[in-house]
Amino acid sequence: MAEDHFGERVAEGYDRSAADMFEPAVVDPVVDFLAGLAGGGAALELGIGTGRIALPLARRGVPVHGIDLSEAMVARLRAKPGADQIGVTIGDFATTRVEGRFSVAYLVFNTIGNLTSQDAQVACFQNAAAHLEPGGCFVIEVGIPDLQRLPPGETVRPFTVSPTRLGFDEYDVASQGLISHHYTVVDGNLEVASVPFRYVWPAELDLMARLAGMRLRHRWSDWNREPFTSDSRKHVSVWEKPGLPATA
């Protein structure tokens, strides 16, 4: 059984701690991208959380269903306006099945890394493919591991440094693991959280997609479709489930 690292303590402050990710300038390009892929079909969000993307996507007229292991995170989603239009299933998004077929399934904001083993990440691709209709797409947004920016012999890389928040990724190169450490000052009190991840390279994700019967369609450096290069800090990748074979 997957371990839930987003319990009540994390969920209570999640939207506040990630407030910059809720800004329209961040959210709107994601919603535009996904709505375009969905067309007139439905979307499945793996790791729906508090609804940062699902709610505005549903407001665009796209039927959305989500899967998430954290009941505490989903409770925050269900308390928001418009949540009654979104179906949510509690479970491990790597293996949990829901009814229906979807035009697009998606994992955003590094959520694929919450699956901390290669087997679980492979299962996630298989699960996504099983939910997609022929011609449907699976989308992942995930950062490129910062290994080339680590000084020789060191394992810790800062990703956020501000007067009220510090963030450090601690890498374990042998296992492709990292622990993301967060230190946040809230009302004069220090809140500390550490969450494990498994980092994964684009080529490894492409192989997982092939094992699930999908093929790479696009890879961009962001939701605005900027080219993916050696300098990109993250990627937005789209894999496609083959359509129905042509009939004679």
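Each remark here, short or long, concerns the structure printed above.
Each value, and the rule that gives it
Residues numbered from 1 in each chain as written. Predicted model: local features only at pLDDT ≥ 70, side-chain atom pairs only at ≥ 80, totals over all residues. Heavy atoms only, no water. Helix = DSSP H or I, 4+ residues; strand = E, 2+ residues; numbered from the N terminus. Expected span 1.5 Å × (residues − 1). Buried < 20%, exposed > 50% of the residue type's maximum accessible area, 1.4 Å probe, protein only. Phe/Tyr/Trp six-rings, centres within 6.5 Å; stacked < 30°, edge-to-face > 60°. Pairing = 2+ DSSP bridges. Axes fitted to C-alpha atoms, helices over the stretch in contact; angles between N-to-C directions. Salt bridge = Lys/Arg side-chain N within 4 Å of Asp/Glu carboxyl O. Contact = heavy atoms within 4.5 Å. Right-handed = clockwise from strand over helix to strand, strands pointing away.

1. Points about helix α5 (residues 118-131)
With 14 residues, α5 extends 20 Å from end C-alpha to end C-alpha; this agrees with the ideal 20 Å at 1.5 Å per step. Taken as a whole, α5 has its buried residues at Q121, V122, A123, C124, F125, N127, A128, A129 and H131.

2. Re the packing of aromatic side chains
Here the structure, examined in full by the defined rule, presents 7 aromatic pairs. Between F168 and Y183, the aromatic rings sit 6.5 Å apart at their centres with planes inclined by 65 degrees, giving edge-to-face as the arrangement. Residue F168 is located in strand β7 (residues 165-172), and its partner Y183 is located in strand β8 (residues 177-186); the two are separated by 15 residues in the primary sequence. You can call Y183 partly exposed: its relative accessible area is 31%. The rings of F125, F138 and W239 are connected pair by pair, giving a single aromatic cluster.

3. Describing the sheet that holds strand β9 (residues 189-198)
Hydrogen bonds between backbone atoms are what pair the strands of a sheet, whose relative direction is either parallel or antiparallel. Within the open sheet, the 4 strands sit side by side as β6-β7-β8-β9. Their pairing is antiparallel. Unpaired on one side and paired on the other, β6 (156-161) and β9 mark the two borders of the sheet. With strand direction ignored, the average angle separating the axes of adjacent strands in the sheet is 15 degrees. Both β7 and β8 contribute to a ladder of 8 bridges, which runs antiparallel. Note that in β8 the partner of Y171 across the bridge is L178.

4. A look at the pattern of salt bridges
Side chains bearing opposite charge may pair, as long as their charged atoms lie close to each other. Enumeration over the complete set of coordinates arrives at 13 salt bridges. As a salt-bridge pair, E191 and R16 come within 3.7 Å of each other at their nearest N and O atoms. Of this pair, E191 sits in strand β9 while R16 sits in helix α1 (residues 8-17), and the two are 175 residues apart along the sequence. In the salt-bridge network here, residues are joined through shared partners; they are D146, R149, R157 and R233.

5. Details of α1
When α1 is considered as a whole, its buried residues turn out to be A11, G13 and Y14. Those residues of α1 that are buried are in contact with α4 (71-78).

6. Focus on the pairing of strand β5 (residues 132-143)
Across 5 bridges, the pairing between strand β4 (residues 102-107) and β5 is parallel. By the bridge assignment for β5, A105 is matched with F138. Handedness of the crossover joining β4 and β5 through α5: right-handed. Sheet analysis places β5 next to strand β11 (residues 234-240), joined by 7 bridges and oriented antiparallel. Within the sheet, the bridge partner assigned to E141 lies in β11 and is V236.

7. Some thoughts on the environment of V185
Along the chain, the position of V185 falls in strand β8. Accessibility expressed as a relative area gives 39% for V185, which makes it partly exposed. Sequence spacing of V185 and P163 is 22 residues, and the spatial spacing of their C-alpha atoms is 8.3 Å. Those residues in contact with V185, other than ones at most four positions away along the chain, are T164 and L190.

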